[in-house]
Amino acid sequence: MDPHRNSPGEDSSGERGLIHSWRGYFYSITPERLLLSRSVIQVALGTRHGILLVEGGQVYSIGELPWKQSQASEPSTPVLESALSGQRVVSVAAGSFHSGAVTEDGGVHMWGENAAGQCGLTGLSTVPNPTPVALVDSDTSPPQTVPVLELDCGGQYTLAISAQREVWAWGSGCQLGLLATTFPVWKPQKVEHLAGRHVLQVACGASHSLALVRCLGPQETHRPPVDKCGQCNQLLYTMTDKEDHVIISDSHYCPLGVELAEGEGRLETPASIQTLKTSPSEPILSFRTSTATPAPPSPPDQSQPQASESAGTVLSNGDGPISDSELGSQIDSGQAHGGFVGAAAGAKNSPYPDEQAVKDYLKRLSEQTSAEQVAKAAAGGIHTLPLSADALPGSSSPCPPLPSSALNSLVASCASAVGERMASTYEALSLKKMMNFYGSPFSATTSGAGGPGPGILVPVPGRGESGKQRVCLEESMQGKKSSSTGDIHEEEAEGLRRRLSLPGLLSQVSPRLLRIVGRPRVQAVALTPSVPGSQEVLPSLQTEVWSWGEGEHGQLGHGDNLPRLQPLCIKSLSNKEVVRVAAGAHHSLALTARSQVFSWGSNSSGQLGHMESPSTVPRLAKLSEGIRVWDVGAGEKHTLFLADGDCIQPILYYSGQQFKEEDPPGGHPGELQEEAEVVEDKPRAGSYTQQPVLLPFCMNLGYVSGVFAGGQRCVALSDRNVMGFIASLHEIVSAERKFYCKLCNIKTQIVHPLLNLESLSSSLGPACLGLLQAWAGRFSLLCHLTGQHSASLSANLRRGRDVKGLLILDHASIFLDSYHEYCSAVGNFHVMGGLQALTKPSLEFCGKSPELLHRLAECVEESASVADLLVALFYLPVRHLSEYGRLLLKLATCFEVSSSEYQRLQDGCSKFEALALQLKKRRKEAEYTSHFWKSFPGKMTDSLRKPQRRLICESSNKALTLQNAGRFSVNWFILFNDALVHAQGVVPYKSLFSTHHVFPLATLWVEPITEDSTCPYGLKVISPEETFTLLACSPMEKAKWLRSINQAVEQALNGAGQDTSSLGSGAGQRAEPPISRTASYTFYKDSRLKEATYEGRWLAGKPNGRGVLKWPDGRIYTGSFKNGLEDGFGEFTAPNKLLNKNDLYQGHWREGKMHGLGTYRYASGEVYEGAFRDGVRHGHGMLRTGKLNSSSPSVFIGQWVNDRKTGYGVFDDITKGEKYMGMWQDHQRQGTGVIVTQFGLYYEGAFRDNKMAGIGVLVSEDDTTYEGEFSEDWTLNGKGVLTLANGDYLEGSFSGEWGSSLKISGSYFKPNLYHGDKDKSHAIKLGSVCVRAEAKWQAVFEECWRRLGCEGPGQGENCRAWENIAVDLTTGRRRIQDSPEVLSRTHSRALESLEVIPQHAGPVTMERYHTLRNYLLKACDTPLHPLGRLVETLVAVYRMTYVGVGANRRLLPQAVNEIKSYLYRIFQIVRFLFPDLPEEGGIIPEPSTDVQDKRGSDSNDAPLDSPKPARVVSSSALLLPVLLPRLYPPLFTLYALDKEKEDDLYWECVLRLNKQPDLALLAFLGVQRKFWPISIPVSMPLLGEGQQILASTKDACFASAVETLQQISTTFTPSDKLLVIQLTFEEITQEVLSLLKEDFLWSMDDLFPVFLYVVLRARIRNLGSEVSLIEDLMDPWVQHGEHGIMFTTLKACYYQIQHEKIT
């Protein structure tokens, strides 16, 4: 790289990052241009050297580099730091004689002088080249290296900010902020006092440090107030109660922030501190001995008591010079007269000791023996004060301490003087004057823990004693280290309400008075502005400046010259929005977002930019009005300001030491220091600037982007304006800074005084006052956002200077939303007449001539009224949107049209221009509406005037009339942005409009009426409860009103955030709003819906679609609507006041009533699930009765007619333990029925009036049977026959209750004695008097037919049925999408496949038969399909009938018949859906022969299909696979109960016979020996080998056949069970064939014993039940085939085993 290219036009980056350097300021100065081939990004200057960071991350050194061994003298060209090659450096720093760099990955490299450990490398006095330094966090386990964001270097130390935003330090001196015991500190250590805080920037001076810290968030600041110091455990506040007043002091001063112990720089832990008292042995510093110029002595009777009282009773620490927390911009040197104590002496006639006198006195005291000092320090907890840092030879050597007596005396004398002044002030103040003064809100300030803070109440005399005396209440919250900024009441303009506060003074005011005046009068607004969404992307303005280190020149800013070992917050800067800090050798600078610079510290050469004293507190640098500073640099004795001037190009100001051209570039540091001391005492005229001066050459430098200072040098980085881009960028940043300053001026000069006016609430009224406060809050937010954006843009200008960093493009929505909301707040206030009402209060603080308003509002008209000026002022921020658009467009023109940058800037410009246009319309609307309300009749105004409501048009010009209106009636139509108002009245009355009605626009439909003679120019207006016709006076008026209403409705539907465009601006909008829409409405007329509120979808004035309807009495309907009524699926809640619970219905509705399937949960705990019609239970349904929490309530399931149980139903009465299955009428058992009880009783017969009445049959558990007449439940009455279990019977007349005594009159027969035919007639067959199977559950099948669109079985069209199925599936799926948890994944997959309707017309082939069968399986598996719903219901009723008490063996025949009836009736529905399916027993021909051959060759796998030439259609074959698996448990239980005796007998035999070994059992059963397996094959047989069967072998023969047969218990349908039997026979055959090794045919004599052996070994527990189930439900066409023979064989085996005689 050649740094000597003199022609910047040739080099690649000769346009950016140009570096200009000069020294000091004199008139003929010309900056040197340093030429580098790459643009410079950052510069850092030390005492005699500098560091340059160039593009690409390379680092160069310039100036004197004595640590480089190779360089003896100052190099003439920049030196590349090659040790950093390969690393990308992102920032650099330079200390006095050392340097540092931070790389991309957060690594730190240091080089230069290292004697004081400032490079962080142990054992080296100098570090010639950049060397890595690790920051290791030892708190973590294992210790981890901490990445660093940025560095700054000071005199003999370095500070770094870690990625966690914490400060690390190394080097020497108390400015490290570490509680170190020895110096130097070689290894980087964390500054614990700032741990946990968010540090934004650090700055290092020669021996002091500054940190810019983000304020704590609200969750951290709202902690309970701390009353003790966290370091020394002293009370932060002390209070002394007097007779008529209380003295409060908050002037605690933490010793840890002060004390440097004697010796080797060690910090001694202080003992517990007592309240300071003046000792008699310690001299009191009087005025005569302490002031340089003698002041008039104070009377002894006043000064002495005050002094002793102040020092002895109240002061809890030893504050030396008293700081000023509210100085800064608010006091000039003239007003400082008489206002300072101790070191802060002003003019010479002050009665206080001046700074020099204090210094002299302290110097004399310090000459006492060191032994005395040590003794006092050790003894008592009285802290020592260091002298000026001049005595420190190096930073590791401490300052000589000051004895405590001196401190006490000094404080006592100061307090005495102040007390004297306070006494006279208070005498002059009456309570009334104080109360008047306290009317203004109090200003809150905060202080860090430890530094001297302001007292509670501070009296301040004005200029001379004759001026008006004032009292100012300052509230100090010492416990919080952070202060809340941005309070709209807090900030005041310079020159307004100037005040002084004397920290540490005593307050003497009655607590009662404090309480009274402390009450707020108006609600506070926008205390801490925070724009939503801006927290993460925009820089924080809520900052604090913390300082620590040496303070002899006041460079710490705490109002004194004391050093601080630990960081301490500078309270006076806490709400000043500081965005950048800089530190010179002995002075400090803080740059604020408002482009002001606060400076403090050494002012020996005028480097502070002002000549005010004391310079120990931050004050504003004196710059001309309109000069906005946005970057600063601090050198050894000078300061450089980069500011906005009158033009776009930045200008430079210089303040500090002036050099003549022959001055040497720099002297020895010692000489400089001596010179500084001389200058401090007597500044030489002309040797430095009195205030900042403009550097005349700055316009020649181009566009300066940053300034840097160090040693005696100044450096400026500049860019050339290529393609106008740099100028445009500077313009946009400058405009934003100017705008922010403008907003701040408005806030401090207009908003604050307005909100503080006492007459405000009476002038505006509560509504307008609330809107004004809302506006003030929005203004504050907008102001804060602008400040953040301004700071962000300035930072971008310093480093990036590209479009990528523009937040206004990346986060435009934050800005657009803020402006939108601000404009809404202004408009709302304007509409409610607030701006008009504000005129009078404004005159109170503006006076008769509103020049201030005129200037701030930028009003062009000279004679504008106050009202007009207020309007202009309130809308002023909105005008800045056009400026954004203009500047972004200007920036865009610097790029190629095809580039992405151009597109982004163009888009941004469009957004801001569009919003500016929109807000301009909003303003016009607000003005139009405001004007309208002035002329509107008074009474209606109150009810109709709303902040958000804007007028669009009105018909006062008779443009619109009501059709069929009365002759004398007057109608006025007013269209607002949210409602159409119809005002009515009658002509003769004085108040013309007696009534008015408001129609919300969201529920308003308007349509033109086709013109005819009766209704020319008509508009039909539809609202939810009224429809009327409006007549316009002309076609133009009709079109105007139609368009206006439609546009207003459209915008009302789009939401309040949309632009309510003015009349006639319909371009680009929809012609009319949607007829279907979402809106909310409260009914006022409709009797059923009166006062109910509906929110949901609408169609042409009626609720239509999804919605929620809420009545005032608590009823709520949520669901579908159609044509204004509940229709479709919905949920209804109705409160039951008696039970204090809710009724809840979930289900289907039609025309406003419950209709279809649903579930109703009653407040009483009952639950009904089933069908409804016309709002009542009708159809099939189930009612659970009993307590809500009961797990087994009584249940009725059956048919309902008009809300009553009528038809067939089953009632399980849990209280009686009975189950009734039969007919009902009007909630009563009527007709035939069956009752079973938990004790095994069975009754079937007639019922009348809910009782057993008529002929019936009763069977008890032991088979005792009565057949005859009944009169009551279980009560016999009349003729009958009683048959006993042994067959004996009684015939005659019976009376009495079963189970208790019976009266019998009749004959007793013993039929087994006689063998006549007569006896056989008494064998009673059950089931003859109960309800027939086909008569059961008719409502369930009717419901299914209805869902298919049929009035009865088969009475409908096939195509309509399929359409209904498709509708059911689609609506069901839609509902499931809303609540996916309802159906499982398999169900939803089944649903997808069901959406394809199978071919249902044409002849049924085998292929179509299988498709149909699969379709039925899926359809019956999902409850959304009518068939699935039917099956689900049938399963429920079947289980309900035959489970629990219903598991009675005598119900088995009915249970079997019921299943057969299900099959028959479902088969009817299937044949209706597939009309070409053959009837029961019909034949489906097999496919062609080639397929048959293929099947035949595989006969073992498909034995069912292959031998048959055709398939017989049967309902059981088609439907049992669907139905039986679900009904199997209750059905098989009945079979098991019925066959219990036979199965027990069979099982006993099975167990006994299975004790035999295989060969013995085969022999016993008579199996021929040729079928006995001699050996059985093992799992891996060798050729011909097997396991020999021994005499004792068990369960080895025919094992595979046994295992196959055992599977019969795992199958459900008869066909599956028969298949298992067939496979068992095949297994037996295979095994015998392998034994015989030849073909043979079975004979039954051979086969039966072998099969009997397999059945015995299979040990099937309920074989009798299995056999009976197969027999009852198998297909009739199977009985005479192969399966029938096999089944008969199994049945024979079962009977054989029961009757087997074992000998």
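Analysis parameters
- Residues numbered from 1 in each chain as written.
- Predicted model: local features only at pLDDT ≥ 70, side-chain atom pairs only at ≥ 80, totals over all residues.
- Heavy atoms only, no water.
- Helix = DSSP H or I, 4+ residues; strand = E, 2+ residues; numbered from the N terminus.
- Buried < 20%, exposed > 50% of the residue type's maximum accessible area, 1.4 Å probe, protein only.
- Contact = heavy atoms within 4.5 Å.
- Axes fitted to C-alpha atoms, helices over the stretch in contact; angles between N-to-C directions.
- Parallel < 35°, antiparallel > 145°, perpendicular 65-115°, else oblique.
- Left-handed = near helix turned anticlockwise from the far one by under 90°.
- Nonpolar A, V, L, I, M, F, W, Y, C, P; charged D, E, K, R; others polar.
- Pairing = 2+ DSSP bridges.
- Expected span 1.5 Å × (residues − 1).
- Salt bridge = Lys/Arg side-chain N within 4 Å of Asp/Glu carboxyl O.
- Phe/Tyr/Trp six-rings, centres within 6.5 Å; stacked < 30°, edge-to-face > 60°.
- Lys NZ or Arg CZ within 6 Å of the ring centre and 35° of its normal.
- Core = buried A, V, L, I, M, F, W, Y, C linked by side-chain atoms within 4.5 Å.
- Arc of directions from axis to C-beta.
- pLDDT = per-residue confidence, 0-100.
- Lys, Arg positive; Asp, Glu negative; His and termini not counted.
- Polar contact = N/O pair within 3.5 Å; in protein donor to acceptor, adjacent residues only side chain to side chain.

(A) Molecular detail of the overall build of the protein chain. Secondary structure assignment for the protein chain yields 36 helices and 69 strands. Evaluated residue by residue, the protein chain yields a buried proportion of 54% over its 1703 residues. Pairs at least 24 apart in sequence give 59% of the contacts found in the protein chain among residues at least 6 apart.

(B) Spatial organisation of the packing of helix H18 (residues 876–892) against helix H19 (residues 900–935). Viewed as axis vectors pointing N to C, H18 and H19 meet at an angle of 160°, and their least axial separation amounts to 8 Å. When the axis of H18 is compared with that of H19, the two are roughly antiparallel. Once H18 is placed against H19, the crossing between them reads as left-handed. Touching Val878, Leu881, Ser882, Tyr884, Gly885, Arg886, Leu888, Leu889, Leu891 and Ala892 of H18 are Tyr902, Leu905, Gln906, Gly908, Cys909, Phe912, Glu913, Leu915, Ala916 and Leu919, all from H19. Tallied by class, residues from the contact of H18 with H19 come to 14 nonpolar, 4 polar and 2 charged.

(C) Layout of the sheet that holds strand E18 (residues 208–214). Taken together, 4 strands build an open sheet; the order of strands is E17-E18-E27-E28 and the sheet is antiparallel. Pairing within the sheet leaves two strands with one partner each, and these edge strands are strand E17 (198–204) and strand E28 (564–569). Ignoring strand direction, the axes of neighbouring strands in this sheet form an average angle of 20°. Bridge analysis of E17 against E18 gives 6 bridges, and the strand direction is antiparallel. The residue of E18 that forms the bridge with Ala203 is Leu210.

(D) Examining helix H11 (residues 760–799) more closely. Here H11 contains 40 residues, and its C-alpha end-to-end distance of 47 Å is more than 12% below the 58 Å for a straight helix at 1.5 Å per residue. For H11, the tally of buried residues reaches 30 of 40 residues, placing the bulk of the element in the interior. Positive phi appears at Arg801, one or two residues downstream of H11, with a value of about 55°.

(E) Geometry of the pattern of salt bridges. Taken as a whole, this structure holds 44 salt bridges when the rule is applied. Note that Glu858 and Arg879 form a salt bridge whose closest N and O atoms lie 3.2 Å from each other. With Glu858 in the loop between helix H16 (851–857) and helix H17 (866–874) and Arg879 in helix H18, this residue pair connects regions lying 21 residues apart in the sequence. Lys1310 is the salt-bridge partner of Asp1288, the closest N and O atoms lying 2.6 Å from each other. Here Asp1288 is found in the loop between strand E63 (1275–1283) and strand E64 (1289–1297), whereas its partner Lys1310 is found in the loop between strand E65 (1303–1309) and helix H22 (1338–1347), with 22 residues between them in sequence.

(F) Expanded view of the packing of aromatic side chains. This structure, assessed with the given rule, holds 56 aromatic pairs. An angle of 25° between the planes, with centres 4.5 Å apart, marks the rings of Tyr1160 and Tyr1162 as stacked. The ring of Trp1005 has Arg1077 lying over it, and the distance from NZ or CZ to the ring centre is 4.1 Å. For Lys1205, the ring lying beneath its charged end belongs to Phe1196, and the centroid distance is 5.1 Å.

(G) Region of the structure containing the environment of Leu1561. Summarising the element assignment, Leu1561 is placed in helix H31 (residues 1558–1565). Given the relative accessible area of 0%, Leu1561 is considered buried. Once the C-alpha coordinates of Leu1561 and Lys1594 are considered, the two residues, 33 residues apart in sequence, prove to be 9.5 Å apart. Leaving out residues up to four positions away in the same chain, Leu1561 has contacts with Leu1553, Gln1556, Tyr1653, Leu1656 and Arg1657.

(H) Focus on the nonpolar core. Judged by nonpolar contacts, the single largest core of 130 residues is most densely connected at Leu652 and Trp775. In terms of residue count, the dominant contributor to this core is helix H10 (residues 725–756) (16 residues). In terms of nonpolar packing, the next biggest core, distinct from the first, is built from 77 residues, Phe1341, Leu1394, Leu1424 and Leu1452 among them.

(I) Layout of the sheet that holds strand E36 (residues 693–694). Pairing within the open sheet is antiparallel, and its 4 strands lie in the order E33-E34-E35-E36. Whereas interior strands pair on both sides, the edge strands pair on one side only; in this sheet they are strand E33 (628–634) and E36.

(J) Examining the pairing of E33 more closely. Counting buried residues in E33 gives 7 out of 7 residues, a clear majority hidden from the surface. In this sheet, strand E34 (residues 638–644) lies alongside E33 in antiparallel orientation, the contact comprising 6 bridges. Bridge pairing links Asp631 to Leu642 in E34. Linkage of E33 to E34, two consecutive antiparallel strands, is achieved through a turn of 3 residues.

(K) A look at unusual backbone geometry. Between Phe183 and the following residue, Pro184, the backbone shows a cis peptide bond with an omega angle of -5°. Inspection of the secondary structure assignment puts Pro184 in the loop between strand E15 (167–171) and strand E16 (185–190). Geometrically, the link from Ser613 to Pro614 is a cis peptide bond, its omega value of -5° lying close to zero. By the element assignment, Pro614 lies in the loop between strand E31 (597–601) and strand E32 (619–620).

(L) Local environment of H31. Along H31, the residues that are buried comprise Asp1558, Leu1559, Leu1561, Leu1562 and Leu1565. Axial view of H31: buried residues confined to an arc of 165°, hence all on one face. The elements touched by buried residues of H31 are helix H30 (1540–1553) and helix H34 (1644–1658). Just downstream of H31 lies Gly1566, where phi reads positive at about 80°.

(M) Layout of the packing of helix H27 (residues 1452–1473) against helix H29 (residues 1515–1538). Running from N to C, H27 and H29 point in directions that differ by 170°, and their axes come no closer than 10 Å. Considering their axes alone, H27 and H29 lie roughly antiparallel with respect to each other. As H27 runs across H29, the sense of the crossing is right-handed. On H29, the residues that touch Leu1452, Ala1455, Val1456, Ile1459, Tyr1462, Leu1463, Ile1466, Phe1467 and Val1470 of H27 are Ser1515, Ser1516, Leu1518, Leu1519, Leu1520, Leu1523, Leu1524, Leu1527, Leu1531, Leu1534, Tyr1535 and Asp1538. In terms of residue class, the contact of H27 with H29 is built from 18 nonpolar, 2 polar and 1 charged.

(N) Summary view of the confidence of the model for the protein chain. Predicted confidence across the protein chain gives a mean pLDDT of 76, with 72% of residues reaching 70 or more. A low-confidence stretch, residues 1–13 (pLDDT under 50), is modelled with 25 contacts involving residues beyond four sequence positions or located in other chains. This model gives residues 1577–1587 a pLDDT under 50, and the stretch forms 7 contacts once residues within four places in sequence are excluded.

(O) The pairing of strand E45 (residues 1018–1022), seen in detail. With 4 of 5 residues buried, E45 is to be regarded as a mostly interior element. Pairing of strand E44 (residues 1005–1008) with E45, which is carried by 4 bridges, proceeds in the antiparallel orientation. Following the sheet pairing, Glu1007 is matched in E45 by Lys1020. Pairing geometry for E45 and strand E46 (residues 1027–1032), over 5 bridges, is antiparallel. Its bridge partner lying in E46, Lys1020 is registered against Thr1029. What sits between the antiparallel neighbours E45 and E46 is a turn of 4 residues.

(P) The side chain of Glu1244, seen in detail. Here Glu1244 lies in strand E60 (residues 1242–1248). Buried and unpaired, Glu1244 has Arg1450 as its nearest opposite-charge partner, separated by 9.1 Å. Within the local environment of Glu1244, its side chain forms a polar contact with the side chain of Tyr1242, the two groups lying 2.4 Å apart.

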